[in-house]
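# An overview of the molecular structure
As a plain string of letters, each chain reads:
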Amino acid sequence: VKVEEKLYQNRYIVDESRPHIQIKDADVCKSCEKQACTFCCPAACYSKNELGSVTLATDGCLECGTCRVVCQDKGNIAWDYPRGGYGISYKFG
Ligand code: SF4
């Protein structure tokens, strides 16, 4: 079974009014050489954009914390868990 098929088993309730992760400053992303978030996030929430910066879409976030770790040197990600009742529900098996 492919990873994509496994991820499809999960269910998300997206909190539209309060994204639980935010990029603090797009200019910091622009000057970041690695932009590791664009290839380390297992849910591909981060993508390079036409401005040379990074776009974040938290809809499919697995709440794994990888982006916070890879951006630790820049500290440009404001990361929190979703409010109660929102976010991912994992389905095992
Ligand atoms: Fe991606 Fe994990 Fe960060 Fe969510 S917490 S955006 S899944 S790296």
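Placed above this text is the structure.
In this report, we go over the structure that sits alongside the text.

Cut-offs used in this document
- Residues numbered from 1 in each chain as written.
- Predicted model: local features only at pLDDT ≥ 70, side-chain atom pairs only at ≥ 80, totals over all residues.
- Heavy atoms only, no water.
- Helix = DSSP H or I, 4+ residues; strand = E, 2+ residues; numbered from the N terminus.
- Buried < 20%, exposed > 50% of the residue type's maximum accessible area, 1.4 Å probe, protein only.
- Polar contact = N/O pair within 3.5 Å; in protein donor to acceptor, adjacent residues only side chain to side chain.
- Contact = heavy atoms within 4.5 Å.

## Quick word on the side chain of Gln35
The topology assignment puts Gln35 in the loop between α2 (26–30) and α3 (37–40). The buried category is assigned to Gln35, whose relative accessible area is 7%. From its side chain, Gln35 meets the backbone oxygen of Gly52 in a polar contact 3.2 Å long. Among all residues touching Gln35, those that are not within four sequence positions of it are Cys29, Lys30, Lys48, Gly52, Ser53 and Val54.

## Description of unusual backbone geometry
Even without being a glycine, Ala44 presents a positive backbone phi close to 55 degrees. Relative to the assigned elements, Ala44 resides in the loop between α3 and β3 (46–48). According to the relative accessible area criterion, Ala44 is exposed, its value standing at 59%. Despite not being glycine, Glu63 shows a phi value in the positive range, around 60 degrees.

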